[in-house]
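Letter by letter, the chains look like this.
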Amino acid sequence: MSELIEVSVAKLEAHPNNIRKEIARDAAFDDLVAGIKAVGLIHPPVVIPHPTAKTKYRIVTGHRRHAAAQVAGLKKISVDLHMDLSEQQQRDMQYQENKHRVGNTVMERAQYVANELDLGGRTIADLAKGMGVTQDQVRTSKKLSSAPGKMHTKINDGQMTLEDALILAEFNGDVEAQDELLQAWNTWSWATTLRRWRNLRQAQKQAPKTKRELTVAGATIAASRDEVGEHRWAQDGLSTEEHVAAGHVAVINETETGQATWFELVVESEEPEKTPEERQAQAAAEKAAEDLKAELVLAGQVREEALKALIKTPPAGLAWTLTMAAVARRVVIAKAWDWAGVPSKSSPEEVEAAFAKWTLEQLLMLDDVIQKTDEQRLVESLAGWGPSRWGSDYGMGWRDRLSEVYGYQWSDLERGFMKQQEDLVNGSCQECDEPLDSDQREGKLCTDCLGDLCSQCQGDLDDGEGYDGKCGDCADRAEEIANDDDVEVAQ
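These figures come from a predicted structure and were not determined experimentally.

### As for the overall build of the protein
- Along the backbone of the protein there are 21 helices and 9 strands.
- Buried positions account for 32% of the 491 residues belonging to the protein.
- A fraction of 60% describes how many contacts in the protein between residues 6 or more apart in sequence connect residues 24 or more apart.
- As displayed, the protein has an accessible area near 31000 Å², and 51% of this comes from carbon and sulfur atoms.

So this is what it looks like as structure tokens:
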């Protein structure tokens with residue numbers, strides 16, 4: 001049961017359980033304020049009687065409209081008063097309104113799911129039906145709700161993908177793991193760190209089971225290889241029973257696999273007592289070996305001093321000869337025959353012969369280009385001429401080197417490639433790569449990929465919405481802006 005009544009703006013109070021804790025004062029909010037000033041508040045907020053203050057009302061949905069009305073200077077507004085909404089119905093109404101709002105964050109939805117499940121009385125299936133999502137999406141939100149606070153900002157700002165966020169959510173409750181993974185996130189060590197922590201988690205689950213099985217089998221278990229004593233790797237392919245029968249010692253890998261590694265103890269055999277002559281011969285051999293080692297060290301020191309002197313005053317042409325040989329090998333390995341101006345599949349000796357008239361500077365320049373070149377990215381497609389739609393710019397290092405190190409001046413044609421790549425990224429659908437119309441670029445999704453989503457905010461479309469491509473809220477906002485423009489023109 002509900003009725004429209006007019007109340008003072010000052011008598012409306014925010015709902016303590018509203019999903020949206022803060023109202024963004026963005027351009028869309030300013031547009032809403034302007035529309036209210038022009039034509040008033042078209043959609044009344046839904047309210048309930050205040051539980052303790054008889055002269056006040058509590059807002060269920062419409063917090064943003066209420067705030068805009070205040071900024072617009074309205075003293076009274078119409079509200080839709082409901083007398084019999086249960087707490088669950090109130091929360092469901094708030095979620096359904098906020099899920100279409102621009103700026104509704106992943107973490108806000110996750111917090112809503114956590115609150116609903118914590119209150120009890122609702123199963124995941126029931127909550128998924130009420131939210132209009134799948135049960136897997138509810139489970140995903142539940143995992144994210146337990147994510148550490150450091151992740152919230154990264155997720156809300158779009159810095160962290162949902163996939164990476166869910167990976168981190170695997171380690172909810174493990175502060176050390178999540179802290180280290182957050183430090184490694186978006187760096188070269190991310191994959192290695194993640195693999196190590198996953199292996200550790202799996203090993204910690206498997207190790208107790210392995211230990212029980214070995215104990216039942218009567219195996220000798222050492223805490224580490226250091227406690228095994230003199231040992232070598234045991235023969236592969238044996239069963240646990242065979243290892244135990246052979247007297248092998250097991251060490252359980254508790255950091256990577258949780259499985260046992262087997263070691264065979266090495267028993268030293270007693271050597272027979274040497275005769276005086278044998279001991280004398282052994283001592284003489286050891287003395288000769290020590291003398292030889294001293295002579296080798298002395299010869300090495302002499303060679304080192306000779307090479308140091310050679311570096312300080314190298315013979316004429318030696319540096320060129322050494323560089324020529326090294327670059328010739330590099331040309332053959334990299335198959336860079338065109339760069340060296342020699343026939344394809346030339347041998348190192350043939351390349352050296354072609355270098356006979358080159359200068360040292362030319363050889364060093366060619367060597368640098370061969371090692372640093374990334375021309376393939378620039379000649380195969382536009383993808384090497386700028387960032388992709390995911391932000392990666394794999395051709396940047398070579399492009400920067402061309403201009404900053406080699407002093408290459410970009411032609412209009414090449415600048416055109418950079419502009420084409422920029423337009424391609426900004427003008428292509430994020431899902432299917434099809435070109436976008438000018439009015440679709442802001443959402444970065446084409447009409448086909450939008451499907452049942454609002455073209456403005458990309459929220460789900462309810463029944464009766466979408467005839468103009470927009471949800472009800474976005475359509476109303478567009479109408480308010482249009483009416484505001486008409487008023488200004490008339491004035």
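### Some thoughts on the packing of helix α9 (residues 175–184) against helix α10 (residues 190–217)
- Contact pair α9 / α10: the axes reach a minimum separation of 9 Å and the direction vectors enclose 165°. Relative to α10, the element α9 is oriented roughly antiparallel. Here α9 and α10 pass one another in a crossing that is left-handed. Across from E176, A177, E180, L181 and A184 in α9, the residues of α10 making contact are W190, T193, L194, R196 and W197.
- In terms of residue class, the contact of α9 with α10 is built from 6 nonpolar, 1 polar and 3 charged.

### Side note on the sheet that holds strand β8 (residues 249–252)
- Pairing is mixed in the open sheet, where 4 strands are placed in the order β6-β8-β9-β7. For this open sheet the edge positions go to β6 (220–222) and β7 (231–233), each flanked by a neighbour on one side alone. Across the sheet, the mean angle from the axis of one strand to that of its neighbour is 40°, orientation sign disregarded.
- Across 3 bridges, β6 lies against β8 in parallel orientation. Pairing of T220 across the sheet is with V249, part of β8.
- Its contacts with the sheet place α10 against β6, β8 and β9 (260–265), and it is angled at close to 165° to β8.

### Focus: helix α2 (residues 63–72)
- Summarising burial for α2: 8 of the 10 residues are buried, a large majority.
- Among the residues making up α2, those that are buried are H63, R64, R65, H66, A67, A68, A69 and A72.

### Some words on the packing of helix α1 (residues 27–39) against α2
- Two elements in contact, α1 and α2, have axes separated by 9 Å at closest approach and are oriented at 60°. Considering how the two elements wind past one another, α1 and α2 form a crossing that is right-handed. In contact with A28, F29, L32, V33, I36 and K37 of α1, α2 contributes R64, R65, A67, A68, A69, V71 and A72.
- Per-class residue counts for the contact of α1 with α2 are 10 nonpolar, no polar and 3 charged.

### Looking at the environment of D174
- Tracing the backbone shows D174 in the loop between α8 (162–169) and α9.
- By relative accessible area, D174 is classed as partly exposed at 25%.
- If near-sequence neighbours (up to four positions away) are discounted, D174 is found in contact with W197 and R201.

### Let's talk about α10
- With 28 residues, α10 extends 40 Å from end C-alpha to end C-alpha; this agrees with the ideal 40 Å at 1.5 Å per step.
- The sharpest bend along α10 measures roughly 30° and falls at Q206, with the proline P208 sitting one to four residues further on.
- Within the span of α10, buried status applies to W190, T193, L194, W197, L200, A203, Q206, A207, T210 and L214.
- The positive-phi residue at the C-terminal boundary of α10 is G218, with phi of around 80°.

### Section: the confidence of the model for the protein
- Within the protein, residue pLDDT values average 81, and 78% of them lie at 70 or more.
- For the protein, per-element mean pLDDT is lowest for helix α20 (residues 447–450), which scores 59, and highest for helix α15 (residues 348–354), which scores 94.

How each quantity is defined
Residues numbered from 1 in each chain as written. Predicted model: local features only at pLDDT ≥ 70, side-chain atom pairs only at ≥ 80, totals over all residues. Heavy atoms only, no water. Helix = DSSP H or I, 4+ residues; strand = E, 2+ residues; numbered from the N terminus. Buried < 20%, exposed > 50% of the residue type's maximum accessible area, 1.4 Å probe, protein only. Contact = heavy atoms within 4.5 Å. Areas by Shrake-Rupley, 256 points an atom, 1.4 Å probe, with all protein chains shown as cover. Axes fitted to C-alpha atoms, helices over the stretch in contact; angles between N-to-C directions. Parallel < 35°, antiparallel > 145°, perpendicular 65-115°, else oblique. Left-handed = near helix turned anticlockwise from the far one by under 90°. Nonpolar A, V, L, I, M, F, W, Y, C, P; charged D, E, K, R; others polar. Pairing = 2+ DSSP bridges. Expected span 1.5 Å × (residues − 1). Bend = angle between axes of the 7 residues up to and from the residue. pLDDT = per-residue confidence, 0-100.

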